[in-house]
Every structure is written in C-alpha cells, then in structure tokens.
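So the chains spell out like this:
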Amino acid sequence: MKKSSKKTGIALLLILAGVGVLILKGVSDTGVYYRTVSEVLIDSSLLEERGVRISGEVEGGTITYDQQELKLIFVVRDLEEVEKTMKVVYIGIKPDAFDADV
Amino acid sequence: MVTLGNLSQSAAFMCSLLAMVLLLTGLMRNDLRFIEAGRRALTGVAVFASMAAFSLARLFMTDNFQVEYVASYSDRALPIFYKATSFWAGQKGSLLFWAWVLSIHVAMVAFNTRKETTRKNTPYIYLVLAAIVSFFFLLLITVSSPFEPLAYVPKDGNGLNPMLQNPGMIFHPPTLFLGYIGFTIPFAYAIASLISGKVDPDWLKKTRRWNILSWIFLTIGIILGGQWAYVELGWGGFWAWDPVENASFIPWLISTAFIHTSIIQERRNIMKVWNMSLIVLTFLTCIFGTYLVRSGILQSVHDFGATGLGGYFLVFMIVTAVGSIILIAESYGDLRTAHSLESLVSRESTFLFNNVILLAIAFSTFFGTIFPLISEVITGNKLTVGEPFFNMVNTPLFLLLLAITGLCPLISWRKASINNLKQNFMYPFGLASAGGGVMFGFGIREFYPLMAFTLSLFVSATIVLEFIGGARARKKLTGEPILLAFPKVIWKLRRRYGGYIVHFGVVLVVVGITGSTAFKLEKETTLQRGEVMNIGDYTLQYKDFNSFQDRNRTVYAATIGVVKDGKAMGDMFTERRYYINAKQPTTEVSVRMSLKEDLYLTMPMIGKNDEITIKAAVNPLLVWGWIGGTFMVVGGIMAIIPSRRRRLAV
C-alpha cells in the first residue's frame with residue numbers, strides 16, 4: 001500500500017471512530033425508555049431514570065384543563081391491564097390530537 | 001370502472017410477466033426478435049397501468065363509495081382537486097400510483113433504448129425493470145387492490161383527513177414518489193451491467209440524468225414536506241426527525257454521495273465498486289422508505305398503519321440486497337481499479353471524505369430510526385431516541401460536510417501543492433475568519449451557530465471565487481468583456497456551475513435552519529379580547545373573533561393586529577377548523593414572512609367568552625431555507641440540460 005492511501009485510510013478511520021463515539025454518546029445522553037403504565041407502577045424507580053415515555057390510553061372523563069395556567073390533568077390506563085392507572089399532570093397547551101381513549 | 005381497474009391491473013401484471021418470459025427466451029436463444037417483443041411488452045405494462053390509474057381517478061371523481069378505498073379517503077363535500085389527490089392519500093392508492101409511475105419510467109427507458117437492443121446489457125436492463133414492476137403489480141392484485149368493493153354502498157365516504165386537505169398534498173407526495181421511483185432506473189442499469197459482465201462506466205453516463213433528476217424530485221419532495229409541516233401542522237417546525245422523514249432523507253444522502261463519486265469514476269475511472277454499492281444502497285433505502293410506511297413497525301405521522309405488506313417488502317429488500325452483493329462480489333475482479341488515490345490532499349480525496357460523512361449521517365439517521373427495534377432485540381427494553389439524538393449526532397457531521405464543500409473546489413485534482421493551497425485559501429479563509437469575528441462581536445457566541453455561519457461564509461466565498469475565476473479564464477481565452485464572459489462560461493460549463501449553485505443553495509438552507517433553530521423566540525399566552533402580548537420586536541393585539549361555516553368545515557378565526565417597533569404592520573388571521581368528518585380540530589397557521597424573520601402565529605385553544613390562547617414564534621432567517629431549496633433545484637436542473645442539440649438525421 002502506498003503511503004498516501006495509508007494516510008487517507010487513517011484519516012477515514014478517525015472519522016468513523018468519531019462518528020461511532022457520537023452515536024454512542026447520543027444514545028446514552030438522549031435515549032428514552034419506552035414503558036407501559038403497569039411497569040412503572042410496579043417499579044416507580046423507573047420514572048427516575050433519565051427519560052421515560054409511557055404508553056397507555058387516556059381514561060375518558062378524567063380530563064381537566066385549566067386554560068389560564070395551561071395545566072392539563074388526566075389519568076392514563078395500561079393498554080393491557082386496564083385496571084392499572086396513573087395520574088398525569090401536563091403543563092402547556094393541550095395538543096390538538098389529545099382526547100380520551102387514544 | 002371497478003372492473004376496468006381490476007382488469008387493467010391484472011393485465012399490467014401479466015404483461016410484465018410476459019415481458020420477463022420473452023426476454024429470458026430471447027437471452028437463452030440469443031434471438032433479438034424475442035428481446036424486441038419483450039421491450040414492447042414493457043411498454044404495454046405502462047398502457048395497462050395508466051388505464052388502472054385512470055379508473056381509480058374516475059372512481060374518486062364520481063364518488064363511487066362502493067369501492068372501499070374511495071369510501072375511506074373521500075366524501076361528497078370534498079373539493080374536486082382534493083378528490084384527485086385522495087388517489088395517493090392511502091396505502092393502496094399510493095401503491096398503484098407508485099406502480100403506475102414506475103411503469104411509465106420503464107416505458108420511457110424502453111423507448112430511449114429502442115435502437116440499443118443489440119447491446120449486451122440492454123436485455124438485462126429490461127429484465128430487472130420487468131421484475132421490479134411485476135413485484136408491485138403482484139402486490140396490487142393479490143393483497144392490496146385499491147379496487148376492492150365493500151359489501152354495501154355507504155351514503156357518503158369517510159372524507160380526507162383535514163391535515164391532507166392542503167395544497168402541499170398536491171405536490172409533496174408525487175414529487176417524493178418520483179424521486180424514489182426514478183432511482184430504479186440507474187439501479188437497473190447497474191445490475192444489468194453486473195450481470196452482463198459489461199462493467200465499463202457506460203451505465204454511469206447513461207443514467208447520470210436519471211440520477212440527478214430523481215435527486216431533484218427527492219429534494220423538492222423533502223422541501224415541500226418541510227414547508228407543509230411548517231404552514232399546516234402548526235407546531236412551528238419544519239423537520240422533526242420522524243421515521244418517515246428520515247426514510248426520505250437517507251436515500252437523499254446516499255444519492256448525493258453517489259452523484260459526487262460518479263464524477264470521480266467518470267474522470268479518473270476509480271471507485272467502481274463503491275459507486276455500484278451506492279446505487280444499490282440508494283435503491284434499497286428508497287424501498288425501505290415505502291416499507292416503513294406500510295409495515296407499521298414504527299410509529300410515525302406518515303404511517304398507514306400495519307397493512308400486511310411489510311413482509312413482502314422485507315423479502316423484496318432481502319432478495320435485492322443479497323442478489324446485489326453476490327453480483328458485486330462476482331465482478332469484483334473486473335471492477336477493481338488500476339489506479340488509486342494519489343494523495344491525501346487532492347480533489348478526489350475530498351470527494352471521498354464527503355462521501356464518508358454523507359454516509360455517516362445516513363447511517364446515524366438510519367440507526368436512530370430503527371433504534372427502538374434494535375434495543376428491544378438486544379436488551380429487551382424498548383429504548384427510543386428522538387430529535388435530540390439526531391441533532392446531537394448529525395449537527396457536527398453537517399458542519400464538517402459544509403467545511404468540505406468549501407474546501408473541495410480549492411484543492412486541485414490528483415495532488416495539491418502547498419503553493420496552490422496557499423493561493424486558493426487566502427481569500428475565502430480570510431473573509432470567513434473576519435466574518436466570524438464580526439458575528440462573534442455582535443453576540444453570536446454559541447459554538448455551533450457561529451461555526452455554521454462562518455462556514456457558510458467560507459463556502460460562499462469559494463463559490464464566488466470559482467465563478468470569477470471561470471469568467472476571467474474565458475475572458476483571457478476569447479477576449480470577450482468580463483460581463484459577457486461571465487454568463488457564457490456558466491452556460492457552457494453548466495454541469496459544473498449547476499453543481500456550485502446547488503452548493504450555494506445548501507449554504508442558504510444551513511443559514512435558514514441555523515437562524516430559525518438557534519435564535520427562535522417562542523411564547524404562549526392566553527388573551528381576552530383587546531389584550532396584547534409582546535414577542536421580540538412585535539406587539540400583538542387580539543382584536544376580533546369570528547366563526548363561520550365553510551363547505552365541509554366550521555371555522556373559528558381570530559384577528560390579531562401586529563405592531564412592530566411602534567409601527568402598525570396590519571392584521572393577521574389565525575384559525576381553528578372543525579371538519580365535519582374529523583374528530584380532531586386543525587390549526588390554521590398565520591405566517592408573516594420576511595427576509596429577516598418570520599412571525600408565526602397559531603391559536604391552539606379557544607376558551608369561554610372568546611378567550612383564546614395564542615402561540616407566537618419569531619423564526620429568524622427561515623425564509624432563506626426555502627430560497628436555498630429553490631437554488632438547489634435550479635442548480636440541479638442546470639446540470640442536466642443536455643449540452644448539444646441533437647439534430648435529426650437527414
């Protein structure tokens with residue numbers, strides 16, 4: 001192998017290593033766990049992990065919204081074990097797509 | 001019409017099968033008559049496909065709700081041109097649209113190559129295309145027919161999702177599709193040259209225009225999608241790293257890489273394996289895009305949900321990937337090149353680095369998109385990554401790419417000398433550092449935005465130098481005055497200068513994105529009639545509230561008076577619309593665009609006594625992103641205008 005292509009190869013390797021590091025760091029810094037309501041209820045320490053996205057359905061009739069303070073409160077139930085629920089407080093504008101049973 | 005649609009679909013499928021049989025027979029018997037017949041059968045596919053497409057359009061126009069697909073995506077009250085666009089609003093219709101457009105592309109290839117059937121690789125091109133077309137029609141006639149009837153005839157249809165009732169719907173999906181579909185042609189040429197063992201760069205030359213044209217369509221599609229999101233969806237952004245957005249971005253990145261290295265292969269006859277792999281990858285990621293939307297494996301705003309088609313596309317992708325790898329491996333000996341890169345600092349190597357970074361961005365985007373699936377398989381926990389991940393990983397890569405865009409034209413082919421570097425770098429580098437310093441002085445202190453602006457300046461400077469240099473050289477050569485030499489040299493070398501114009505477009509897009517993300521102002525306030533809110537230099541007064549009935553929707557509109565620096569700027573109107581057939585309301589955005597910044601208003605909430613919540617945002621420089629997109633498209637078009645008028649033979 002010629003000297004120049006060796007140099008090019010090293011430069012490429014460095015770039016790839018950099019990309020690898022970036023991706024790993026990206027995952028560990030910004031990754032968010034995807035949990036169900038019942039998982040969180042069983043082990044509430046899961047909520048203290050860096051970020052959690054919880055999947056569940058909004059229980060009908062539990063939605064209250066304070067437009068002055070932009071505070072939305074509702075109850076989420078587990079998709080499979082429907083008797084398991086948790087209360088959610090959301091600060092901000094109610095999203096268009098937000099509704100019961102979705 | 002239903003019968004005609006069904007029959008035409010089946011006929012198109014049969015015709016593509018027939019083409020394959022004829023071509024194979026022709027190849028085995030070495031008989032040109034069969035090849036020619038196969039070529040004609042391919043044209044026949046387009047005829048039948050067009051009839052099927054016409055039938056579906058006609059069913060929408062005549063409100064034939066017995067057809068399940070029509071009933072699901074249209075209703076009587078729908079304005080007529082949205083009825084036309086409902087064609088591709090759902091999974092099945094969009095699949096027919098895909099197959100139809102593809103078959104027309106194929107017919108165009110068949111026509112263009114009508115005098116080249118004796119060439120060794122032409123029958124294989126036809127064969128690959130016929131196989132791909134037949135795959136799509138197979139899906140249409142077996143599992144995903146848009147002509148499926150309902151057991152009863154509903155009084156009215158379900159209507160089109162209000163978010164899709166937007167002019168964006170007319171152009172965004174078809175242009176993206178044209179992009180995706182167009183790459184099938186270069187892919188077929190590449191595979192054909194592998195099978196026939198004719199691995200000269202001929203396929204690259206023949207498909208250069210197809211490539212760039214598809215790239216242009218993909219670019220338009222992505223930009224229109226961003227614009228649509230910005231003016232219609234009302235969350236104030238234009239890009240969310242949604243899985244399906246990513247799925248369109250990945251082939252864009254790879255095809256961009258391919259367009260660059262194909263220049264190298266043309267000039268220096270190196271990187272043959274690399275280019276082969278890139279076009280295969282481009283095609284595969286295009287199919288991956290449509291797989292993602294149709295499989296329901298990831299959640300996305302563009303999703304059609306689980307449609308039962310995922311498995312078919314998966315098999316198709318695996319067969320394509322494995323087949324391509326085997327073919328490339330088999331011809332590896334022929335593809336290997338005598339030359340290699342001569343120097344780390346050369347024009348060629350900047351192309352190589354640009355490729356590596358483009359592919360790195362493509363990879364990280366792909367990785368982030370399918371990450372939930374990977375993490376679930378490996379760790380059992382579903383871990384997802386979102387916008388922060390993509391921004392964190394891709395921003396530095398984009399900046400690096402931008403730097404290379406600027407460096408590339410400054411470095412000569414083969415091996416750059418120190419003197420040559422010094423001379424070329426002086427001005428752009430000086431200008432960019434000075435500009436960076438000034439921006440720093442004006443308070444732009446964050447690293448990424450500062451770098452983005454400085455590099456934009458650097459790249460612009462190199463482009464300007466390149467234009468001036470070209471004009472000067474022509475003046476010297478021809479003695480023309482510089483003002484005449486300037487446009488002439490651009491026109492004469494439009495392939496090259498078209499490329500630079502695309503680069504300049506990219507710079508403007510970077511400026512738009514940086515300005516509007518790093519310096520965005522946002523504020524939400526609930527207002528009573530007459531109250532005011534402030535954002536940036538603007539004072540917004542809630543003046544009036546109206547509601548009225550409009551065709552298929554009820555509209556609530558607020559009038560907001562805008563005052564900037566004490567000067568009245570007129571009124572803006574933002575609306576919430578409730579469509580008859582939709583459960584969720586939609587937000588109608590109001591934007592005041594200017595070269596300096598956009599004022600962006602939405603009304604996410606309406607309360608009692610006409611109390612409203614206004615979400616206001618100031619997005620600096622965003623307009624330059626759209627302008628830059630236009631430059632990219634114009635530059636691309638310039639690069640493919642044929643260089644010589646072909647005269648008719650006498």
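Residues numbered from 1 in each chain as written. Chains lettered and ligands numbered in written order. Predicted model: local features only at pLDDT ≥ 70, side-chain atom pairs only at ≥ 80, totals over all residues. Heavy atoms only, no water.

Colleague: What am I meant to see in the overall build of chain B here?
Modeller: Helices and strands together make up the secondary structure of chain B, namely 20 helices and ten strands. In chain B, which comprises 650 residues, the share counted as buried stands at 56%. Counted over contacts in chain B with a minimum sequence separation of 6, partners at least 24 positions apart contribute 70%. For chain B, the exposed area adds up to about 28,400 Å²; of that, 64% sits on carbon and sulfur atoms. (Helix = DSSP H or I, 4+ residues; strand = E, 2+ residues; numbered from the N terminus. Buried < 20%, exposed > 50% of the residue type's maximum accessible area, 1.4 Å probe, protein only. Contact = heavy atoms within 4.5 Å. Areas by Shrake-Rupley, 256 points an atom, 1.4 Å probe, with all protein chains shown as cover.)

Colleague: In this structure, what is going on with the overall build of chain A? I would like to understand it.
Modeller: Counting its secondary structure elements, chain A contains two helices and six strands. In chain A, the order of α-helices and β-strands from amino to carboxyl end is α-β-α-β-β-β-β-β. A burial count over chain A gives 33% of its 102 residues as buried. Long-range pairs, those at least 24 residues apart, make up 30% of the contacts in chain A with a sequence separation of at least 6.

Colleague: How should I be thinking about the pairing of strand β10 (residues 612-620) of chain B in this particular structure?
Modeller: Consecutive side chains along a regular strand alternate between the two faces of the sheet. Residue and element names in this part refer to chain B. Burial within β10 is extensive, with nine of its nine residues counted as buried. With burial as the criterion, each face of β10 is covered, one bearing Ile612, Ile614, Ala616, Val618 and Pro620 and the other bearing Thr613, Lys615, Ala617 and Asn619. By the bridge criterion, seven bridges tie strand β2 (residues 521-527) to β10 in an arrangement that is antiparallel. Looking at the pairing, Thr525 lines up with Ile614 of β10. With eight bridges connecting them, strand β9 (residues 597-606) and β10 associate as antiparallel partners. Its bridge partner lying in β10, Ile606 is registered against Ile612. Where β9 hands over to β10, the hairpin turn is made up of five residues, of which Asn609 adopts a positive phi near 55 degrees. (Pairing = 2+ DSSP bridges.)

Colleague: Explain the nonpolar core to me, please; I cannot follow it from the model alone.
Modeller: If you look at soluble globular proteins, the nonpolar side chains tend to sit buried side by side. All names here are of chain B. Membership of the largest hydrophobic core comes to 147 residues, with the highest contact counts inside it found for Phe136, Phe137 and Phe313. Not counting residues within four places of it along the chain, the set of residues in contact with Phe313 comprises Leu95, Phe135, Phe136, Leu139, Ile287, Thr290, Tyr291 and Arg294. Core analysis: the next-biggest nonpolar cluster, separate from the first, contains 22 residues, Leu421, Phe467, Ile501 and Val507 among them. (Core = buried A, V, L, I, M, F, W, Y, C linked by side-chain atoms within 4.5 Å.)

Colleague: Is there a simple way to think about the sheet that holds β10(B) in this case?
Modeller: The strands making up a sheet are joined through hydrogen bonds of the backbone, oriented either antiparallel or parallel. Residue and element names in this part refer to chain B. Ordered in space as β2-β10-β9-β8, the four strands form an open sheet in which the pairing is antiparallel. The sheet is open, and its two edges are formed by β2 and β8 (590-592), each paired on a single side. The average undirected angle you get between the axes of adjacent strands in this sheet is 20 degrees. (Axes fitted to C-alpha atoms, helices over the stretch in contact; angles between N-to-C directions.)

Colleague: How do you make sense of the packing of aromatic side chains when you look at a structure like this?
Modeller: Any two aromatic rings considered together are summarised by their centre-to-centre distance and by the angle between their planes. Residues and elements named next belong to chain B. Counted according to the given criterion, the structure contains 42 aromatic pairs over all chains. Measuring from centroid to centroid gives 6.0 Å for Phe87 and Phe97, while their planes differ by 75 degrees, and the two rings are edge-to-face. Placement of the pair is Phe87 in the loop between α4 (80-85) and α5 (91-112) and Phe97 in helix α5, with a sequence separation of ten residues. Accessibility assignment for this pair places Phe87 and Phe97 in one class, buried. (Phe/Tyr/Trp six-rings, centres within 6.5 Å; stacked < 30°, edge-to-face > 60°.)

Colleague: Explain the side chain of B:Gln165 to me, please; I cannot follow it from the model alone.
Modeller: Residue and element names in this part refer to chain B. Among the structural elements, Gln165 can be located in the loop between α6 (122-142) and α7 (168-182). Within the structure, Gln165 has its side chain in polar contact with the backbone oxygen of Leu160 (distance 2.9 Å). Sequence-distant contacts of Gln165, that is, excluding residues within four places in its chain, are made with Leu78, Tyr82, Leu160, Asn552 and Tyr579. (Polar contact = N/O pair within 3.5 Å; in protein donor to acceptor, adjacent residues only side chain to side chain.)

Colleague: Where do I start with the sheet that holds strand β4 (residues 538-550) of chain B in this structure?
Modeller: Residue and element names in this part refer to chain B. The sheet built from five strands is open, its strands ordered β3-β4-β5-β6-β7 with antiparallel pairing. Taken across any chain shown, the strands that pair with only one partner, and hence form the sheet edges, are β3 (532-535) and β7 (586-588). Across the sheet, the axes of successive neighbouring strands diverge by a mean angle of 30 degrees, strand direction being ignored. Two strands pair when backbone bridges link them, and β4 and strand β5 (residues 553-564) are joined in this way by twelve bridges, in the antiparallel orientation. Residue pairing in the sheet places Asp544 in a bridge with Thr559 of β5.

Colleague: What's the story with the environment of B:Thr454 in this structure? I'm lost.
Modeller: Residues and elements named next belong to chain B. One can find Thr454 in helix α17 (residues 447-478). The spatial distance from the C-alpha of Thr454 to the C-alpha of Ala403 is 9.7 Å, given a sequence separation of 51 residues. A distance of 2.7 Å separates the side chain of Thr454 from the backbone oxygen of Leu450, its partner in a polar contact.

Colleague: Can you walk me through the pattern of salt bridges in this structure?
Modeller: Pairing is possible between side chains of opposite charge, provided their charged atoms come close. Residue and element names in this part refer to chain B. According to the stated counting rule, one finds 20 salt bridges over all chains in the structure shown. The salt bridge partner of Asp63 is Lys83, with a shortest N-O separation of 3.2 Å. Here the residue Asp63 occupies a position in the loop between α2 (32-61) and α3 (68-73), and Lys83 occupies one in helix α4, the gap between them amounting to 20 residues. Taken individually, Asp63 and Lys83 each receive the classification buried, so the pair is uniform in this respect. Of the charged contacts, one joins Asp544 and Arg529 as a salt bridge, the two residues approaching to 2.9 Å between their closest N and O atoms. Here the residue Asp544 occupies a position in strand β4, and Arg529 occupies one in the loop between β2 and β3, the gap between them amounting to 15 residues. Judged by its relative accessible area of 41%, Arg529 is partly exposed. Here the salt bridges share partners, and the residues they tie into one network are Glu36, Arg39 and Arg40. (Salt bridge = Lys/Arg side-chain N within 4 Å of Asp/Glu carboxyl O.)

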